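For reference, the chains in residue letters:
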Amino acid sequence: MANDQEWSARAICRTGDPDELFAEGAAQNRAKAVCNGCPVRTECLASALDNRIDHGVWGGMTDRERRALLRRRPTVTSWRRLLEEARAEYDRQGPVDSELQLALG
């Protein structure tokens, strides 16, 4: 995967209002919709998980959803590596792990 500056330059949200990605309540669903079809969704989510970013929608997941995922998978040391591997496996064989499938979108 490219470094953070390279992937973020290709993000769909780069041209929008950044405040929209830090919405509360029901507005988070609109923010998550911005991530649909983004070419760097996996990289974005991995960065948010690896860096324990506490606020906002990243990679199509809210802060609450990311915290729940981190609690369910406390032994993961590199979300970037795990999500890359899951994406590659999905591309080869279809769904691997329902939780990761949700994370990958």
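That block above? That's the structure.
Attention in this report is confined to the structure presented alongside it. (Residues numbered from 1 in each chain as written. Predicted model: local features only at pLDDT ≥ 70, side-chain atom pairs only at ≥ 80, totals over all residues. Heavy atoms only, no water.)

**Description of the nonpolar core**
(1) Moving on: The biggest cluster of nonpolar side chains holds nine residues, and these are Leu45, Ala46, Leu49, Met61, Leu69, Leu70, Val76, Trp79 and Leu83.
(2) Moving on: At the level of secondary structure, the elements contributing two or more residues to this core comprise helix H3 (41–50), helix H4 (63–72) and helix H5 (79–93).
(3) Moving on: Of the residues forming this core, the biggest block, three residues, is contributed by H3.
(4) Moving on: Counting five residues, the second-largest nonpolar core is a separate cluster that includes Trp7, Cys38, Val40 and Cys44. (Core = buried A, V, L, I, M, F, W, Y, C linked by side-chain atoms within 4.5 Å. Buried < 20%, exposed > 50% of the residue type's maximum accessible area, 1.4 Å probe, protein only. Helix = DSSP H or I, 4+ residues; strand = E, 2+ residues; numbered from the N terminus.)

**Observations concerning the pattern of salt bridges**
(1) Moving on: In total, this model carries three salt bridges according to the counting rule given.
(2) Moving on: For Lys32, the salt bridge is made with Glu65, and the minimal N-O distance between the two is 2.8 Å. Of this pair, Lys32 sits in helix H2 (residues 27–35) while Glu65 sits in helix H4, and the two are 33 residues apart along the sequence.
(3) Moving on: The residue Arg92 makes a salt bridge to Glu89 at a minimum N-O spacing of 2.6 Å. Of this pair, Arg92 and Glu89 both sit in helix H5, three residues apart, which is roughly one turn of that helix. (Salt bridge = Lys/Arg side-chain N within 4 Å of Asp/Glu carboxyl O.)

**Some remarks on the packing of aromatic side chains**
(1) Moving on: Under the counting rule described, the total for this entry stands at one aromatic pair.
(2) Moving on: On the basis of an interplanar angle of 80° and a centroid distance of 6.5 Å, the ring pair of Phe22 and Trp58 is categorised as edge-to-face. Residue Phe22 is located in the loop between helix H1 (4–8) and H2, and its partner Trp58 is located in the loop between H3 and H4; the two are separated by 36 residues in the primary sequence.
(3) Moving on: In this structure Trp58 comes out as partly exposed when scored by relative accessible area, which is 23%. (Phe/Tyr/Trp six-rings, centres within 6.5 Å; stacked < 30°, edge-to-face > 60°.)

**A word on unusual backbone geometry**
(1) Moving on: Here Arg52, not a glycine, exhibits a phi torsion of approximately 50°, which is positive.
(2) Moving on: Tracing the chain through its elements places Arg52 in the loop between H3 and H4.

**A short note on the packing of H3 against H4**
(1) Moving on: Where H3 meets H4, the closest approach of the two axes is 10 Å, and the angle between their N-to-C directions is 65°. Between H3 and H4, the crossing angle belongs to the class labelled roughly perpendicular. Considering only the axes of H3 and H4, their crossing is right-handed. Only Arg66, Leu69 and Leu70 of H4 make contact with H3, whose side of the interface consists of Leu45, Ala48 and Leu49.
(2) Moving on: Tallied by class, the residues present in the contact of H3 with H4 amount to five nonpolar, no polar and one charged. (Axes fitted to C-alpha atoms, helices over the stretch in contact; angles between N-to-C directions. Parallel < 35°, antiparallel > 145°, perpendicular 65-115°, else oblique. Left-handed = near helix turned anticlockwise from the far one by under 90°. Contact = heavy atoms within 4.5 Å. Nonpolar A, V, L, I, M, F, W, Y, C, P; charged D, E, K, R; others polar.)

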